[in-house]
Amino acid sequence: MKVRTRFAPSPTGSLHIGGARTALFNWLYARHAQGEFVLRLEDSDQERNTQASVASLLDGLRWLGLNWDEGPRSGEADEPGLGPCGPYFQSRRTEIYRRYVDRLLERNLAYRQNGVVRFRMPREPVVIPDLIVGEVTRELTDREAVEPDFVIVRSDGMPVFHLVNVVDDLEMGITHVIRGEDHLSNTSRHLALIRALERTPPQYAHLPLILNSDSTKMSKRDQGTSVEYYRQERYLPEAMANYLCLLGWSPGNDQEILSLEELIERFDLSGVQRHNARFDLEKLRWLNGDYLARLETSRFHQLASATLQAHDIPVSTFPTEYVRDALETARGKTRTLAELIDYAGFYFRPDDAVVPPPELAAKHLNPSTREGMRRLHRALAELTDYSPEAVENCFRRVAADLEVKLRALVHPIRLACTGSVSGPSLWGLIAILGQEVSLRRIERAIARIE
């Protein structure tokens, strides 16, 4: 039996972290088993679904590297721009659902009431065999005991989630339904429908929930719960996929850095943990920083340049060699590409845009540091060799002549040249800025003091 998994989001917003993890686990399980991964959009709620949400969902999946395997069948038309592999849209499959509803009505397993169609839910407990949770027995709740039958077609004629979810899984030959534990309460209804249709159910596997770092439930309104947020912050997709996989799954050892290829090779549902996972942004940032440091040089330069350019820092107007040397000083020093804006943006900004914060200027650019800055400016102006080594030696000579510690010169000059008291090696960044620019920025800082 070929493994077939699916991801079936509702396009009512951007791709959520929880949904992305569900998609990833389904994709990995299918790839590990050399099976197929199906994408379908549960877009039957036409009032809430939007084309912008569809585009955001598909972009998020593509960004993570999760490709799906087949396009619409049964004469469904491809959407322009979506490519040859679908996805399926439930809103275009209403005739299929109608046939199943008619079958249930004919066998008196469903009935019409007040304009809707209800399914006759069995009154006895439903046993749910689950590959992660184990065997779960679900009895009717107090409210369900009063009215156990549930709606499968609304008064407007549109089939509801429970029916279309089951029909699509059966029609598409889905062998494994891997979804969040919050769907476990739905599974008893889905199994009852499948048995009423006299079909074999897929195997179910319910994933632990993802909570915030403080163990509270994630809300769509919380910042950082959307994959789009991490795209905009320029995280690496491979780092994001790696981290999402660690939310509720373990490779069985202490290894945490795993490529997609390694994840495919090692992923199995037996490694999914039962306890809820906590989303730790600091751990994600650490992991992303590790991936950034390992990036192949040309890709790092390409991504870094694109990030700066997207934030109105005109990297493209500078010579290629200058850009390369400047970016190399930031390589492996930031945890996200977006941090490069503050860390290395000074290389590409005009002098009047390099302005230190008032509190740092008051501390490091004041009458007590003015003389040292003047002396260093004169010494740097006399250099004929403006290499990092020559710049460092110049600093040390001036500090010795003034009988001050080196940091008494380092902080004011760094602030003058970069607008910050942290960043790349000072000797290297001054050499890359060049004699003319660095001296001009030091002059401006001295003039600001005076």
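Residues numbered from 1 in each chain as written. Predicted model: local features only at pLDDT ≥ 70, side-chain atom pairs only at ≥ 80, totals over all residues. Heavy atoms only, no water.

Trainee: Quick question: what am I supposed to make of the environment of glycine 434 here?
Mentor: With respect to the helices and strands, glycine 434 occurs in the loop between helix H18 (426–433) and helix H19 (435–449). Judged by its relative accessible area of 17%, glycine 434 falls in the buried class. Linking glycine 434 and glutamate 262, residues 172 residues apart in sequence, is a C-alpha distance of 44 Å. (Helix = DSSP H or I, 4+ residues; strand = E, 2+ residues; numbered from the N terminus. Buried < 20%, exposed > 50% of the residue type's maximum accessible area, 1.4 Å probe, protein only.)

Trainee: It is not clear to me how the packing of helix H16 (residues 388–402) against helix H17 (residues 407–418) should be interpreted in this structure. Could you clarify?
Mentor: Two numbers describe a pair of packed helices, the interaxial angle and the distance between the axes. Contact geometry for H16 and H17: axes closest at 9 Å, N-to-C directions at 125°. By the criterion of interaxial angle, the relationship of H16 to H17 is oblique. Where H16 abuts H17, its residues Phe395, Val398, Ala399 and Leu402 lie against Leu409, Val410 and Ile413. (Axes fitted to C-alpha atoms, helices over the stretch in contact; angles between N-to-C directions. Parallel < 35°, antiparallel > 145°, perpendicular 65-115°, else oblique. Contact = heavy atoms within 4.5 Å.)

Trainee: Whenever I open this one, the nonpolar core confuses me. Can you help?
Mentor: The nonpolar side chains of soluble globular proteins are, as a tendency, buried together. Grouped together as the largest cluster of nonpolar side chains are 106 residues, with contacts concentrated most on Phe279, Tyr347 and Phe395. It is helix H1 (residues 17–32) that provides the largest number of residues to this core, a total of nine residues. If near-sequence neighbours (up to four positions away) are discounted, phenylalanine 395 is found in contact with Leu376, Leu406, Leu409, Val410, Ile413, Leu426, Trp427 and Ile430. (Core = buried A, V, L, I, M, F, W, Y, C linked by side-chain atoms within 4.5 Å.)

Trainee: Looking at this structure, how should I read the sheet that holds strand E1 (residues 4–7)?
Mentor: Backbone-to-backbone hydrogen bonds join strands into a sheet, with any given pair of strands oriented parallel or antiparallel. Spatially, E1-E2-E3 is the arrangement adopted by the three strands of the open sheet, whose pairing is parallel. Each having just a single partner strand, E1 and strand E3 (88–89) make up the two edges of the open sheet. Examined bridge by bridge, strand E2 (residues 36–41) and E3 share two bridges and lie parallel to one another. Along E3, the bridge assignment pairs arginine 40 with tyrosine 88. Seen against the sheet, helix H2 (residues 51–64) touches E1, E2 and E3 and runs at an angle of roughly 160° to E2. (Pairing = 2+ DSSP bridges.)

Trainee: Would you take a moment to explain the packing of aromatic side chains for this structure?
Mentor: Aromatic rings considered in pairs are described by the distance between their centres and by the relative angle of their planes. What the rule picks out here adds up to 14 aromatic pairs. Taking the centre distance of 4.9 Å and the plane angle of 85° together, the rings of tyrosine 229 and tyrosine 230 count as edge-to-face. A relative accessible area of 23% places tyrosine 229 in the partly exposed class. Of the residues examined, tyrosine 230 reaches a relative accessible area of 1% and is grouped as buried. Their ring planes at 85° and their centres at 5.4 Å tell us that tyrosine 243 and phenylalanine 279 sit as a pair that is edge-to-face. (Phe/Tyr/Trp six-rings, centres within 6.5 Å; stacked < 30°, edge-to-face > 60°.)

Trainee: Can you help me understand the pairing of strand E10 (residues 203–207) in this one?
Mentor: Successive residues of a regular strand alternate their side chains across the two faces of the sheet. In terms of residue burial, E10 counts as a mostly covered element, since four of its five residues are buried. The pairing of strand E9 (residues 176–180) with E10 spans five bridges and is classified as parallel. When the sheet's bridge partners are listed, valine 177 is paired in E10 with tyrosine 204. Running through helix H6 (residues 184–196), the crossover from E9 to the neighbouring parallel element E10 is right-handed. (Right-handed = clockwise from strand over helix to strand, strands pointing away.)

Trainee: Please explain the sheet that holds strand E8 (residues 150–153) as it appears in this structure.
Mentor: The strand order across the open sheet formed by three strands is E4-E5-E8, and the pairing between neighbours is antiparallel. Every interior strand has two partners, whereas the edge strands, strand E4 (110–113) and E8, have only one. Neighbouring strand axes in the sheet, compared pairwise and without regard to direction, differ in orientation by 45° on average. Those strands touched by helix H3 (residues 94–106) are E4, strand E5 (116–119) and E8, and its axis lies near 95° from that of E4.

Trainee: Mind showing me how you'd approach the packing of helix H11 (residues 297–310) against helix H12 (residues 320–328) here?
Mentor: Closest axis-to-axis distance for the H11/H12 pair is 10 Å, and the angle between their directions is 95°. One way to sum up the angle between H11 and H12 is to call them roughly perpendicular. Counting all contacts with H11, which are made through Thr297, Phe300, His301, Ala304, Ser305 and Leu308, the residues of H12 involved are Val323, Arg324, Leu327 and Glu328. Looking at the contact of H11 with H12 residue by residue, the classes come out as five nonpolar, three polar and two charged. (Nonpolar A, V, L, I, M, F, W, Y, C, P; charged D, E, K, R; others polar.)

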